[in-house]
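Here is what each chain is made of, one letter per residue.
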Amino acid sequence: LVLKLLKIMGTFVYDPSQRFLSYLHTVAHNALKEFWAAQARRRTAAEEALRASEAHHRRIVDQASEIIFTIDLEGIITSLNPAFERITGWRCDDWTGRSLVDLLVPGEREAAAAAIARAQNRGGVSVKQATIRKPDGSSVLLEGSVVVKIIDGRQAGFLGFARDVTEREQAIEE
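Figured I'd write up the structure that's included with this text. Within every chain, residues take consecutive numbers counted from 1 along the sequence as written. Under the rules for a predicted model, residues below a pLDDT of 70 receive no local features and side-chain atom pairs below 80 are neither given nor counted, while totals for whole chains, interfaces and linings still include all residues. To get the side-chain values, take all heavy atoms of the structure and skip hydrogens and water.

It is worth spelling out unusual backbone geometry at this point. Even without being a glycine, Asp152 presents a positive backbone phi close to 55°. By the criteria applied, helices consist of DSSP H or I runs no shorter than four residues and strands consist of E runs no shorter than two, each listed in order from the N terminus. As for its position among the elements, Asp152 is in the loop between strand 6 (139–151) and strand 7 (154–164). Look at Asp152 and you get exposed, because its relative accessible area is 78%. Three labels apply to residues, based on accessible area from a 1.4 Å probe with only protein chains included: buried if under 20% of the type maximum, exposed if over 50%, partly exposed otherwise in between.

Glancing now at the layout of surface pockets. Each pocket or cavity is described by its volume, and for the largest pocket that value is around 520 Å³. Surrounding the largest pocket, 29 residues form its lining, Leu100, Leu104, Ala112, Lys128 and Ala130 being those nearest its centre. Among the elements that line the lining of the largest pocket, the one with the most residues is helix 4 (residues 109–122), at 6 residues. Residue polarity is assigned by list, with Asp, Glu, Lys and Arg as charged and Ala, Val, Leu, Ile, Met, Phe, Trp, Tyr, Cys and Pro as nonpolar; anything else, Gly included, falls into the polar class. Within the lining of the largest pocket, the residues separate by chemical class into 22 nonpolar, 3 polar and 4 charged. For each structure, a 1 Å grid was placed over the protein atoms alone; sets of points admitting a 1.4 Å probe that cannot get out are labelled cavities, open sets with protein on both sides within 12 Å along at least five of seven lines are labelled pockets, and lining residues have an atom within 4 Å of a point. Grid points are joined across faces, edges and corners, and a volume is the space filled by probe spheres set on the points.

The subject of this paragraph is the pairing of strand 7. For two strands to be treated as a pair, DSSP must find no fewer than two bridges joining them. In terms of strand pairing, strand 3 (residues 67–71) meets strand 7 through 5 bridges, oriented antiparallel. When the bridges of strand 7 are listed, Ile71 appears paired with Phe158. Both strand 6 and strand 7 contribute to a ladder of 10 bridges, which runs antiparallel. Across the sheet, residue Ile150 finds its bridge partner in strand 7, namely Gln155. Here strand 6 folds back onto strand 7 in antiparallel fashion, the turn holding 2 residues, of which Asp152 has a positive phi close to 55°.

Topologically, Asn81 is positioned in the loop between strand 4 (77–80) and helix 2 (83–88). Accessibility expressed as a relative area gives 0% for Asn81, which makes it buried. Here a polar contact is recorded for every N or O atom pair within 3.5 Å, except that within protein the pair must consist of a potential hydrogen donor and a potential acceptor, and residues adjacent in sequence are included only if both atoms are side-chain atoms. There is a polar contact of 2.8 Å between the side chain of Asn81 and the backbone nitrogen of Ile68. Apart from the residues within four sequence positions on either side, Asn81 is in contact with Val61, Ala64, Glu66, Ile67, Ile68 and Cys92. In what follows, residue pairs with any heavy atoms lying within 4.5 Å of each other are defined as contacts.

So, about the pairing of strand 3. Taking burial as the measure, the 5 residues of strand 3 include 5 buried ones, the bulk of the element. Here strand 3 shows a buried face lined by Ile67, Phe69 and Ile71 and a second buried face lined by Ile68 and Thr70. As defined by bridge partners, strand 3 adjoins strand 4 across 3 bridges and the pair is classed as antiparallel. Bridging from a neighbouring strand, Thr70 pairs with Ser79 of strand 4. Remark: 5 residues form the turn of the hairpin made by strand 3 and strand 4, two consecutive strands paired antiparallel; Gly75 in that turn has positive phi of roughly 90°.

This brings us to the pattern of salt bridges. Salt bridges are counted wherever a side-chain nitrogen of Lys or Arg sits within 4 Å of a carboxyl oxygen of Asp or Glu. Under the counting rule described, the total for this entry stands at 8 salt bridges. Notably, a salt bridge pairs Arg163 with Glu66, separated by 3.2 Å at the nearest N-O pair. Residue Arg163 is located in strand 7, and its partner Glu66 is located in the loop between helix 1 (19–63) and strand 3; the two are separated by 97 residues in the primary sequence. What makes Arg163 partly exposed here is its relative accessible area of 36%. With a shortest N-O distance of 3.2 Å, Arg168 and Glu169 are connected by a salt bridge. What you see here is one network of salt bridges that share partners, running through Glu66, Glu143, Arg163, Arg168 and Glu169.

This is how it looks when you write it as structure tokens:
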């Protein structure tokens, strides 16, 4: 007969049948199962909360009356909200992946490219106006601003906002 001794809280316990040892094993096993199940529930709840938050913010961006856009550091459009289509007449898919400067009327392209370059050093551009050519050949005057997007401490592009000020400017001129 082999003696089984367990040391529990500084006291030795004699357990020749190993029932207590088996009990401890079961308790520890069940505690670990519950711990991992609780971790999984927390992770699932966090993922669901993240999905709900992303959907909420996507609805805000999609329903905005202003154009909300992102461009990379080279001025390439990486995202556009539906207001872009409503205001300019262009499809978002037609311009995603293309240069923002190419949207502008020819006389404003050089200045816009320079402004994008300066914005990297300044952290963004304050309110500026730019004329966008529409697919039908007409144009729309936009007023907007951009801020630098920072990801992991590094500049990753720009987040911009623009609104149609064509009617306002025409009223001022009259």
